[in-house]
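Here is how the chains run, residue by residue.
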Amino acid sequence: MNAGDGIEPFEGDDLQYSPTRLAGWLQEVNRPERVQPGHLTRADLAQLSPRELLIHNDAREVWHANIGPIHTPQLIALHEDLAEIVESNRHDGDKTKPAALVDAYPGLGKSTAVRAYGRHLYRKLVTLRGETTPAGDRRVPVIYIALSGNTQIRGLNASICRFYGLPVTGDADTLAERAVDAVLSMKTTAIIVDDVHFLAGSKSNAARMANQLKYLSNVFPVTLIYVGVGVQQRGILREGFTREETLLAQFGRRTTPLTLRPFEVESEEGRLEWRTLLKTIERQLVLAEKFPGMLAEELSDYLYARSTGHFASLMSLINRGCLRAIRRGHERLHEGLMDQVKNDAAAEGARQELEAAIKAGLLTTRPASRPPLQKRSA
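What this report covers is the structure whose coordinates are included nearby. (Residues numbered from 1 in each chain as written. Predicted model: local features only at pLDDT ≥ 70, side-chain atom pairs only at ≥ 80, totals over all residues. Heavy atoms only, no water.)

Things to note about the pairing of strand β4 (residues 223-228)
Here is step 1 of the chain: Within β4, six of the six residues are buried, which leaves the element mostly enclosed by the surrounding structure.
Here is step 2 of the chain: The two faces of β4 match: Thr-223, Ile-225 and Val-227 on one face and Leu-224, Tyr-226 and Gly-228 on the other face are all buried.
Here is step 3 of the chain: Both strand β3 (residues 190-194) and β4 contribute to a ladder of four bridges, which runs parallel. The residue bridging Ala-190 from the neighbouring strand is Thr-223, located in β4. (Buried < 20%, exposed > 50% of the residue type's maximum accessible area, 1.4 Å probe, protein only. Helix = DSSP H or I, 4+ residues; strand = E, 2+ residues; numbered from the N terminus. Pairing = 2+ DSSP bridges.)

Next comes the structure, spelled out in structure tokens:
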């Protein structure tokens, strides 16, 4: 199908960009909120032409793949903690600004949550101070970089330069000076450094990289927000592993550790949080046969066992389930369909134990105080 057929091409709502580059980060920060596709009944779907159905389904696929961020209690608490650290760092340039470290298990949505805070802070400061600096440069209040395996000092500095679109030639010191100039001219307030655990390898490397991060804190007049997995256990905050090294650590004194907890269902509060999350997601699904309680009642235990309470695993499972439901004509989620959906290895590895506990009545996701919802049998 092409322009010669007289049919207008449909590009869809996919957004392809890298937030580790300024152009991509600006696209993420400034993009308008997606509009949820309209709900169509089976009768409505049957009235669509083949091309109209393709377009509608394409819009639903993109929508389901990009639901969120959802303002869970975990995300709200993290944003409040980040705001307290970042927005209280109004120190003059001669004072070191304390850093934040978001250290949590994989699959909890920590990168998404931190970037969401970064977008909010970016928009707030541009609204307050304008899109350009007094010198006429673009104002870039927040930047985002992500590290890769075996990142060394030069690579860290190069990542910052690469974000700003600066040359990445020269040694580590040259790159650092180049990056500092960009930070100062564009009035950058915060730098998000994702996958910081790649900096923490051996004991000697942990100490060396801690010194480098202290250097960044001293040189850059910004708040550094680190995001990683198991960082505290790897020794960066302690600059080593012995008691003596811990007592002498400066980086740990300058860094506040934060976390995101997984959803748990061993308490009534946790079960209510899980139910609220499923109801929130349910409202955002665009399936012809969706009904109240489809997730929060009929699939509550099932989804917890399949995701182990990890947000990323849950959203992947639901996204793939919706895709299968649309393509197979089911237009709803149920256990039979979801059993055909593959999920990440970590979630699947813990599935059997949780399913056994639920089946034996030792675990439930259903709060005792839940209000009734309309149910529908499979």
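Points about the packing of helix α6 (residues 153-164) against helix α7 (residues 172-185)
Here is step 1 of the chain: Two numbers describe how α6 lies on α7: the axes approach to 9 Å, and their chain directions differ by 35°. Between α6 and α7 lies a crossing whose hand is left-handed. Note on element contacts: α7 touches α6 through Ala-172, Leu-175, Ala-176, Arg-178, Ala-179, Ala-182 and Val-183, opposite Ile-153, Arg-154, Asn-157, Ala-158, Ile-160, Cys-161 and Tyr-164.
Here is step 2 of the chain: Class assignment of the residues belonging to the contact of α6 with α7 gives a composition of eleven nonpolar, one polar and two charged. (Axes fitted to C-alpha atoms, helices over the stretch in contact; angles between N-to-C directions. Left-handed = near helix turned anticlockwise from the far one by under 90°. Contact = heavy atoms within 4.5 Å. Nonpolar A, V, L, I, M, F, W, Y, C, P; charged D, E, K, R; others polar.)

Describing the packing of aromatic side chains
Here is step 1 of the chain: Under the definition given, this model contains four aromatic pairs.
Here is step 2 of the chain: Here Trp-25 and Tyr-144 contribute two aromatic rings whose centre-to-centre distance is 6.1 Å and whose plane-to-plane angle is 20°, an arrangement assigned as stacked. Taken together, the residues Trp-25 in helix α1 (residues 22-30) and Tyr-144 in strand β2 (residues 142-146) connect sequence positions 119 residues apart. The same class applies to Trp-25 as to Tyr-144, namely buried.
Here is step 3 of the chain: Both rings, one in Trp-274 and one in Tyr-304, keep their centres 5.1 Å apart while their planes meet at 90°; by these two values the pair is edge-to-face. Of this pair, Trp-274 sits in helix α11 (residues 268-284) while Tyr-304 sits in helix α12 (residues 300-307), placing them 30 residues apart in sequence. For the pair shown, Trp-274 and Tyr-304 are each scored as buried.
Here is step 4 of the chain: Ring-pair connections join several aromatic residues into one group, and the members of that group are Phe-263, Trp-274 and Tyr-304.
Here is step 5 of the chain: Positioned above the aromatic ring of Tyr-144 is the side chain of Arg-115, whose terminal nitrogen or guanidinium carbon lies 5.3 Å from the ring centre. (Phe/Tyr/Trp six-rings, centres within 6.5 Å; stacked < 30°, edge-to-face > 60°. Lys NZ or Arg CZ within 6 Å of the ring centre and 35° of its normal.)

Details of the sheet that holds β3
Working definition: the strands of a sheet are paired by backbone hydrogen bonds and lie parallel or antiparallel to each other.
Here is step 1 of the chain: The five strands are arranged β2-β3-β4-β1-β5 in an open sheet whose pairing can be described as parallel. Because the sheet does not close on itself, it has two edges, and the strands there are β2 and β5 (255-258). Sheet twist, expressed as the mean angle between neighbouring strand axes with direction ignored, is 20°.

Regarding the pattern of salt bridges
Here is step 1 of the chain: Following the criterion strictly, the structure yields twelve salt bridges and no others.
Here is step 2 of the chain: Its salt-bridge partner being Glu-297, residue Arg-275 comes within 3.0 Å of it at the nearest N-O pair. Taken together, the positions of Arg-275 in helix α11 and Glu-297 in the loop between α11 and α12 put the pair 22 residues apart, joining distant regions of the chain.
Here is step 3 of the chain: Arg-275 sits in the buried class, given a relative accessible area of 3%.
Here is step 4 of the chain: Taking the relative accessible area as the measure of exposure, Glu-297 reaches 4% and is therefore buried.
Here is step 5 of the chain: With a shortest N-O distance of 3.2 Å, Glu-297 and Arg-366 are connected by a salt bridge. (Salt bridge = Lys/Arg side-chain N within 4 Å of Asp/Glu carboxyl O.)

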